[in-house]
Amino acid sequence: MSLQPQEISPVPEETRRVAHAAFPKGNIYVRMRDEIGTIFDDPMFEPVFPARGQPADSPWRLALITVMQFVEGLSDRQAAEAVRGRIDWKYALSLELTNPGGDASVLCEFRSRLIEGGVGPALLETMLSRFKERGLLKARGQQRTDSTHVLAAIRTLNRLESVGETLRAALNSLATVAPDWLSSLVSPDWFERYATRIEEYRLPKGEVARIALGERIGADGHVLLAAVYEPSAPSWLRELPAIQALRLAWVHQYFVEDDAVRWRKAADLPPAGTRFDSPYDTDARYGNKRSTTWTGYKVHVTETCDADAPHLIVHVETTPAPVTDSDMTAPIHQALADKGLAPTTHLADAGYVDAELLVISQTKHSIELLGPVRPDVSWQAKENKGFDISAFVVDWEAGTVTCPMGQTSVDWTPTRDNWGNDTIHIGFHRKACAACPSRPLCTRAKSDPREITLRPRPLHEALQNVRAQQETDAWRDRYGKRAGIEGTLSQAVRAFGLRRCRYLGLAKTTLQHVFTAIAINVVRVDAWLTDRPIAKTRRSAFASLAPMAA
Ligand code: SF4
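Procedures and definitions
Residues numbered from 1 in each chain as written. Predicted model: local features only at pLDDT ≥ 70, side-chain atom pairs only at ≥ 80, totals over all residues. Heavy atoms only, no water. Near = heavy atom within 4 Å. 1 Å grid on protein atoms, 1.4 Å probe; cavity = no way out; pocket = protein on both sides within 12 Å on 5 of 7 lines; lining within 4 Å. Sits in = over half its atoms within 2 Å of the grid points. Nonpolar A, V, L, I, M, F, W, Y, C, P; charged D, E, K, R; others polar. Axes fitted to C-alpha atoms, helices over the stretch in contact; angles between N-to-C directions. Helix = DSSP H or I, 4+ residues; strand = E, 2+ residues; numbered from the N terminus. Parallel < 35°, antiparallel > 145°, perpendicular 65-115°, else oblique. Contact = heavy atoms within 4.5 Å. Salt bridge = Lys/Arg side-chain N within 4 Å of Asp/Glu carboxyl O. Buried < 20%, exposed > 50% of the residue type's maximum accessible area, 1.4 Å probe, protein only. Phe/Tyr/Trp six-rings, centres within 6.5 Å; stacked < 30°, edge-to-face > 60°. Lys NZ or Arg CZ within 6 Å of the ring centre and 35° of its normal. Points joined across faces, edges and corners; volume = space filled by probe spheres on them. Core = buried A, V, L, I, M, F, W, Y, C linked by side-chain atoms within 4.5 Å. Pairing = 2+ DSSP bridges. Domains from an automatic or database assignment. Buried area = accessible area lost by both parts, 1.4 Å probe. Polar contact = N/O pair within 3.5 Å; in protein donor to acceptor, adjacent residues only side chain to side chain. Disulfide = S-S within 2.5 Å.

**So, the site of the ligand**
Close to the ligand lie Phe387, Cys403, Met405, Gln407, Phe428, Cys433, Cys436, Cys442 and Arg450, which account for all nearby residues. When each cavity is represented as a set of grid points, the ligand is found to reside in the largest cavity. Residue composition of the shell around the ligand, grouped by class: seven nonpolar, one polar and one charged.

Here it is in structure tokens:
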């Protein structure tokens, strides 16, 4: 397949000649430049680089340097070196061979500008638009999504280390911006406690001594906060991020009783997902998914999975670690719709699927959300020999339900469950149930009649429909395609460092994931254009010995 390059800055003739001589069989960046062009152009960066703020180099070049940096997992310094010394990079960037490149710090500044202007996600969108123009990507196909955990770039701290480091970070911040103000406040013993990093091996052993130290740190922090919030103190001190972190941490970790600062008991702390562990990344949160626990973030990756096109990442969404997968289904669908890339079928695991999402994705975006729903957990369904909800016939117009023994319900009351969801309470006649020969299959209540709870009609029907379908081979065959996203996450983690934050904070981590997605797309389109097949899932040597299923 040959694509028309997008030309905004032609490759200098000498660079072209030398690069083609150096890479007679091609090279990923030479092909990218020849086939896809520069991907980005300067006008898209206008919101963050107004005329007077133009960097020395074109923003499109800085964006492309960052993409190539992510393709190879380079540091800023290594990327600057590559611009200076590598022919393939100069070719992709349309630079003369003699171009000396720039300073590595420009890349950090560039990322900060992208974050301030909120331009990061637009970079992936621009790339996808280029792919759409060139027929590599189309809407209304199949897509699949899964999430994985991302570790924050911080040292994991216990509570005592955390409060000590939070106070130390605030002192360091004040010592940088208001040294004279701080010097007049602190006493000499503070230098003994907070001049060096707070580390577990230096902390006292035994609960009493540790609580005493915790309350000593709490009292010091309280003194500092009181001084910062004194009317005579410069008001801008309160705005320092380290002071805000200190204030929040002290609310979480301490309470004041009889004018003394007290250490909260573990049971009195706010939920782990609302607290931060380290003052150096206050967005990072404790997360927990099945048996995995971590501090940091979660990233949701969505890719196309049609057989007749490359599998491209069309959306990445980074969230704090505690956000559940089901909370992200609707935002992902909305984002895909906004890009004009809503799929016909969206494959996702049970975490992304519930009755409401099945209905909303269909009605709002015409997306078939294909994933398993929670099974019916009633004893009747689990033992597979009783009358579970699927055995009852609902007449929605009449507002009645008929049981397997032909009795009609006598109660139909709209209500709400403990989580605020709309439900309908159904009850049967006491006498009819008492005399029923099938009662042991229907209810274990001593004397009460059978009761069931329905969701509103569209949700009930969607749930029952999927519960019935997911037991069939045809459904399992269709859903089997979802598993491919595991390979994409594995590629992103192993080859592109997705698992570990390169930067601090949610905004920078989000940008990291956008560039990771773009880098993966560059590699995948190159594989597609050079007819390299998708690698098969590897099996361990031992697993390969297992006899094939009959
Ligand atoms: S127990 Fe009541 S609801 Fe259940 S099958 Fe018998 S009559 Fe119907």
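The discussion continues.
**Considerations on the packing of helix 3 (residues 59–72) against helix 21 (residues 506–529)**
Packing of helix 3 against helix 21 brings their axes to within 8 Å, and their N-to-C directions diverge by 75°. What the angle tells us is that helix 3 and helix 21 run roughly perpendicular. The segment helix 3 lies against helix 21, with Ala63, Thr66, Val67, Phe70 and Val71 engaging Gln512, Phe515, Thr516, Ile518, Ala519, Val522 and Val523. Its residues assigned to classes, the contact of helix 3 with helix 21 comprises nine nonpolar, three polar and no charged.

**A word on the pattern of salt bridges**
Under the definition given, this model contains 36 salt bridges. Put simply, Lys138 and Asp308 hold a salt bridge, and the shortest N to O gap is 3.6 Å. One end of the pair, Lys138, is in the loop between helix 7 (120–133) and strand 1 (142–151); the other, Asp308, is in the loop between strand 5 (292–304) and strand 6 (313–320), and 170 residues separate them in sequence. Residue classification places Lys138 among the partly exposed residues on the basis of a relative accessible area of 45%.

**Describing the packing of aromatic side chains**
For the structure shown, the criterion picks out ten aromatic pairs. Ring geometry for Trp475 and Tyr479: centres 4.9 Å apart, planes at 20°, overall stacked. On the criterion of helical spacing, the pair formed by Trp475 and Tyr479 is a turn pair, its members being four residues apart in helix 19 (residues 473–479). Assessed through its relative accessible area of 7%, Trp475 is described here as buried. When the ring centre of Trp379 is taken as reference, the NZ or CZ atom of Arg444 above it lies at 3.9 Å.

**Examining empty space enclosed by the protein**
Under the criterion given, the structure shown has six cavities of 30 Å³ or more. For the largest cavity, the lining is made up of 13 residues, of which Cys403, Cys433, Cys436, Cys442 and Arg450 are closest to its centre. Counting only elements with at least two residues in the lining of the largest cavity, the list comes to helix 16 (430–434) and helix 17 (439–442). The class makeup of the residues in the lining of the largest cavity is nine nonpolar, two polar and two charged. Here the lining of the second largest cavity is built from residues that sort into four nonpolar, four polar and two charged.

**A look at the nonpolar core**
One recurring pattern in soluble globular proteins: nonpolar side chains tend to sit buried together. Formed by 83 residues in total, the largest nonpolar core has its most connected members in Met32, Phe40, Phe45, Trp89, Phe131 and Ile518. Here the element with the most residues in this core is helix 21; it accounts for ten residues. If sequence neighbours within four positions are ignored, Ile518 has contacts with Phe40, Val67, Leu123, Leu124 and Met127. Residues Trp190, Ile217, Val228 and Ile243 belong to the second largest nonpolar core, which totals 30 residues.

**A look at the side chain of His460**
Along the polypeptide, His460 turns up in helix 18 (residues 457–469). The contact partners of His460, leaving out residues within four places of it in the chain, are Ile389, Val394, Trp396, Leu454 and Arg455.

**Focus: the pairing of strand 6**
Within strand 6, six of the eight residues are buried, which leaves the element mostly enclosed by the surrounding structure. Taken together, the seven bridges between strand 5 and strand 6 define a ladder with antiparallel strand orientation. Directly across from Glu303, in strand 6, lies its bridge partner Ile313.

**Structural notes on the sheet that holds strand 11 (residues 411–416)**
Taking strand neighbours across the sheet as the criterion, the three strands line up as 11-12-13 in an open arrangement whose pairing is antiparallel. The sheet terminates laterally at strand 11 and strand 13 (451–454), the two strands that pair on one side only. Each strand of the sheet is rotated relative to its neighbour by a mean of 25°, with strand direction disregarded. For strand 11 and strand 12 (residues 422–427), the ladder comprises six bridges, and the chain directions are antiparallel.

**Brief notes about the domain arrangement of the chain**
Domain parsing of the chain yields domain 1 (13–118), domain 2 (159–274), domain 3 (288–373 + 475–516) and domain 4 (379–456). Listed by partner, the interface residues are twelve residues for domain 1 and nine residues for domain 3. Taken together, the two surfaces of domain 1 and domain 3 that pack against each other cover about 940 Å², and 72% of this comes from carbon and sulfur. Between the two partners, domain 1 and domain 3, sit zero salt bridges. Where domain 1 meets domain 3, there are two residue pairs in polar contact (both at pLDDT 80 or more). Going through the elements one at a time, helix 3 and helix 6 (105–117) are the ones with two or more residues in the side of domain 1 that touches domain 3. Top element by residues in the side of domain 1 that touches domain 3 is helix 3. It accounts for six residues. Classifying every residue of the side of domain 1 that touches domain 3 by side-chain character gives seven nonpolar, four polar and one charged.

**With respect to the side chain of His300**
Within the secondary structure, His300 is located in strand 5. With a relative accessible area of 0%, His300 lands in the buried category. One polar contact links His300 to Tyr352, side chain to side chain, over a distance of 2.7 Å. In this structure, His300 is in contact with Asp146, Ser147, His315, Val316, Glu317, Thr319, Asp325, Met328, Ile332 and Tyr352, ignoring residues within four places of it in sequence.

**Looking at the state of the cysteines**
The full count for this structure, using the stated rule, is zero disulfides. Of all cysteine sulfurs, the one in Cys501 lies closest to Cys108, which takes part in no disulfide; the gap is 15 Å. For Cys108, a relative accessible area of 39% gives the class partly exposed.

**Focus: the environment of Asp338**
Note on placement: Asp338 falls in helix 13 (residues 325–338). Assessed through its relative accessible area of 59%, Asp338 is described here as exposed. For Asp338 and Asn158, which are 180 residues apart along the polypeptide, the C-alpha to C-alpha distance reads 42 Å.

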